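Observations on chain architecture
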Amino acid sequence: MRESVIRDIHLANSGRQKIEWVKKNMPLLRYLEEDFKKNQYFKGLRAVVCVHLEAKTAYLAKVLAAGGAEVSVTGSNPLSTQDDVAAALVADGLKVYAWYGATEKEYFEHLNYALDIRPNIVIDDGGDLVHLLHGERQELLPDVFGGCEETTTGVIRLKARAKEGLLKFPMISVNDAYCKYLFDNRYGTGQSVWDGVMRTTNLIVSGKNVVIIGYGWCGKGCAMRAKGLGANVIVCEVDPIKAIEAVMDGFSVMPMNEAAKIGDFFITVTGCNRVIYDEHYKVMKNGAILANAGHFDVEICIPELEAMAVEKKEMRKNIMGYKMADGRWIHLLAEGRLVNLAAGDGHPAEIMDMSFALQALSAKHIAQNHKNMENKVYEVPDEIDQYVAQLKLQSMGISIDTLTEAQRKYLSSWGE
Ligand code: NAI
């Protein structure tokens, strides 16, 4: 296994500070770290983690290592890796292969280096590791017990592979647990997208027209928070049910061709391809701001924006201005990559605490049960989802009622 490939080990102190801060705010992972340390669920196993490499992910990797795993870490997006966090992990003895701003070629090199650990357990975010394991790194398949997928886009890719009967090991779709999408996709994305947009642009959201494209879990969060900031929120959808939901939540709904003319901020969160493109660029207002929060950088069609621009200028860090032939400027944030990670620190720690508790417990589930699992996409077991919810409530000092025996009986009877 090669030495770690990171930008600069001297950044470790700043990275450590960041990890310490999130650790203070991730009580579920702290609890699991103690449990894992004591019970060594991963003793003798090797795990690879490919998730946005910032402090919360670093702590997850450390928790798996505390459980006895040998861990290699890489990033799931070239612009979300924080070099100081990578350095801190290396200083603490983990293998890390990632740096901020990696080219496409370097990005896949880093993933391949991380896979050289010959993983038993794979923690993926977006599906690139699983893709490599089914293609150019097939020789590693005999060692793989299974893995967990963090996000909607990765789960879509996994399910497509499983449907064709081509998935070669069991995967748990962490994204689809209640304790994931209800909180991470909705409240996490809702807050961190606006944090990323506001710190990058330093512009007012109140009174502006904010266009949210995609009213799924992430879109709902982004729309809710935009409303709270005082924006006029417009939703674009292709699913009629989601569209009605948006109307009843109090938002304007219209096709993108119309929204394109009036939007000040555009946020894409569809998981789809080319949802903002040349027809829209032609009619956008001068100064329009485009940001993507979906997993891949394909939602805003950048090649068409580049082709239409007569001039291109970096306006501020993470803001690229494109001048149209008629003099209008259109601004693209963070190269069209997830704005909350590429131009921010990602979701709040308390939110990732739930998502990563699910990851850690799902990884433990695979370590213990892989022999009885088939090569398909599994939901997170309900008892894990419930357990994480209970731990979270406990960490917030909130207790709830339990059903009495009579109530339980009533709820499971046919009404006699
Ligand atoms: P979802 O499946 O709940 O919602 C996606 C919505 O987009 C659906 O309602 C769908 O009808 C709509 N849609 C699809 N194509 C469209 C199009 N061409 N035009 C308009 N609407 C369209 O998915 P979720 O969980 O909201 O995730 C969305 C994306 O965000 C995924 O790529 C996911 O991986 C990513 N994600 C990003 C996070 C972040 O931190 N930025 C966090 C979690 C997920």
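Relevant structure appears above.
Scoring rules and cut-offs
Residues numbered from 1 in each chain as written. Predicted model: local features only at pLDDT ≥ 70, side-chain atom pairs only at ≥ 80, totals over all residues. Heavy atoms only, no water. Helix = DSSP H or I, 4+ residues; strand = E, 2+ residues; numbered from the N terminus. Rg over C-alpha atoms; globule rule 2.2 N^0.38 Å. Contact = heavy atoms within 4.5 Å. Areas by Shrake-Rupley, 256 points an atom, 1.4 Å probe, with all protein chains shown as cover. Lys, Arg positive; Asp, Glu negative; His and termini not counted. Charge placed at Lys NZ, Arg CZ, Asp CG, Glu CD. Salt bridge = Lys/Arg side-chain N within 4 Å of Asp/Glu carboxyl O. Buried < 20%, exposed > 50% of the residue type's maximum accessible area, 1.4 Å probe, protein only. Pairing = 2+ DSSP bridges. Axes fitted to C-alpha atoms, helices over the stretch in contact; angles between N-to-C directions. Parallel < 35°, antiparallel > 145°, perpendicular 65-115°, else oblique. Left-handed = near helix turned anticlockwise from the far one by under 90°. Nonpolar A, V, L, I, M, F, W, Y, C, P; charged D, E, K, R; others polar. Patch = residues over 30% accessible without salt bridge, like charges linked within 9 Å, V, L, I, M, F, W, Y side chains within 5 Å. Expected span 1.5 Å × (residues − 1). Arc of directions from axis to C-beta. Phe/Tyr/Trp six-rings, centres within 6.5 Å; stacked < 30°, edge-to-face > 60°. Lys NZ or Arg CZ within 6 Å of the ring centre and 35° of its normal. Near = heavy atom within 4 Å. Polar contact = N/O pair within 3.5 Å; in protein donor to acceptor, adjacent residues only side chain to side chain.

**Quick word on the overall build of the protein chain**
Scanning the protein chain from N- to C-terminus turns up 17 helices and 15 strands. Taking 2.2 N^0.38 as the reference for a compact globule, 416 residues should give roughly 22 Å; the C-alpha atoms of the protein chain span a radius of gyration of 22 Å, in line with that estimate. Taken along its principal axes, the extent of the C-alpha atoms in the protein chain is 70 × 65 × 45 Å. In the protein chain, 71% of the contacts between residues at least 6 apart in sequence involve partners at least 24 apart. Working note: accessible area of the protein chain is about 18,500 Å², and carbon and sulfur atoms make up 52% of it. Computing the positive centroid from 47 side-chain charges and the negative centroid from 54, the protein chain places the two 2 Å apart.

**Focus: the pattern of salt bridges**
Evaluation of the coordinates by the stated rule reveals 26 salt bridges. Ionic pairing is found between Arg199 and Asp195, a salt bridge with its closest N-O pair at 2.8 Å. Of this pair, Arg199 and Asp195 both sit in helix H8 (residues 178-201), 4 residues apart, which is roughly one turn of the helix. The class for Asp195 is partly exposed, based on a relative accessible area of 29%. When the shortest N-O distance is used, the salt bridge between Arg328 and Asp326 registers 2.9 Å. Since its relative accessible area comes to 14%, Arg328 is described here as buried. A single network of salt bridges, built from pairs that share partners, joins Arg16, Lys62 and Asp92.

**Regarding the sheet that holds strand S11 (residues 288-292)**
If you walk across this open sheet you meet the 8 strands as S9-S8-S7-S10-S11-S14-S13-S12, and the pairing is mixed. Since the sheet does not close on itself, it has two edges, and those belong to strand S9 (252-253) and strand S12 (311-316), each with one partner. Judged from the 3 bridges that link them, S11 and strand S14 (residues 329-333) form a sheet pairing that is parallel. Paired with Leu290 across the two strands is Leu332, which belongs to S14. Its contacts with the sheet place H8 against strand S7 (209-213), strand S10 (265-268), S11, S12, strand S13 (319-323) and S14, and it is angled at close to 140 degrees to S10. Across the sheet, helix H9 (residues 217-228) is in contact with S7, strand S8 (232-236) and S10; its angle to S7 comes to roughly 170 degrees.

**Points about the packing of helix H2 (residues 27-39) against helix H16 (residues 382-395)**
Here H2 crosses H16 at 115 degrees, and the two axes come no closer than 9 Å. Judged by the inter-axis angle, H2 sits roughly perpendicular to H16. Considering the relative orientation of H2 and H16, their crossing is right-handed. Contact residues: Pro27, Leu28 and Tyr31 in H2; Tyr387, Val388, Leu391, Lys392 and Ser395 in H16. Here the residues of the contact of H2 with H16 are counted per class, giving 6 nonpolar, 1 polar and 1 charged.

**Some words on the environment of Gln407**
The topology assignment puts Gln407 in helix H17 (residues 405-411). Note on Gln407: relative accessible area 40%, which makes it partly exposed. Spatially, the C-alpha atoms of Gln407 and Ser355 are 32 Å apart, while their sequence positions differ by 52 residues.

**Digging into a nonpolar patch on the surface**
Taken together, Ile244, Val247, Met248 and Val253 make up a surface patch of nonpolar side chains, about 390 Å² in accessible area. At 3 residues, helix H10 (residues 240-248) tops the list of elements feeding residues into the nonpolar patch. Structurally, Val253 is set in strand S9. Since its relative accessible area comes to 33%, Val253 is described here as partly exposed.

**Some points on helix H1 (residues 12-24)**
Between its terminal C-alpha atoms H1 stretches 18 Å, which fits the 18 Å expected from 13 residues at 1.5 Å a residue. For H1, the complete set of buried residues consists of Ala12, Gly15, Ile19 and Val22. The buried side chains of H1 occupy one side of the element, clustering within an arc of 90 degrees when seen end-on. Of the residues in H1, the exposed ones pointing more than 90 degrees away from the buried face are Asn13, Gln17, Trp21 and Lys24. Where the residues of H1 are buried, they touch helix H3 (55-66), helix H4 (83-91) and helix H15 (349-369).

**Remarks on the packing of aromatic side chains**
The final tally for this structure, using the stated rule, is 9 aromatic pairs. Residues Trp194 and Phe265 carry aromatic rings whose centres are separated by 5.9 Å and whose planes lie at 80 degrees to one another, so their mutual orientation is edge-to-face. Residue Trp194 is located in helix H8, and its partner Phe265 is located in strand S10; the two are separated by 71 residues in the primary sequence. Across the pair, exposure class does not vary: Trp194 and Phe265 are buried alike. Taken together, the aromatic side chains of Phe36, Tyr41 and Phe42 make up a single cluster linked through ring pairs. Lying over the aromatic face of Tyr277, Arg274 brings its terminal NZ or CZ to 4.1 Å of the ring centre.

**Observations regarding the site of the ligand**
Near the ligand, the surroundings consist of 28 residues, among which Thr151, Thr152, Thr153, Glu237 and Asn340 are the closest. In the model, an oxygen atom of the ligand is placed 2.8 Å from a nitrogen or oxygen of the Thr152 side chain. The backbone of Ala293 places a nitrogen or oxygen atom 2.8 Å from a nitrogen atom of the ligand. For the ligand, whose accessible area on its own is 860 Å², the fraction buried by protein is 85%. Elements that contribute at least two residues to the shell around the ligand include exactly helix H7 (152-163), H8 and H9.

**Comments concerning the packing of H15 against H16**
The interhelical angle for the contact between H15 and H16, taken along N-to-C directions, is 140 degrees, at an axis separation of 10 Å. Classified by chirality, the crossing of H16 by H15 is right-handed. Residue-level inspection shows Glu350, Met354, Ala357, Leu358, Leu361, Ser362 and His365 of H15 in contact with H16, the latter providing Ile384, Asp385, Tyr387, Val388 and Lys392.

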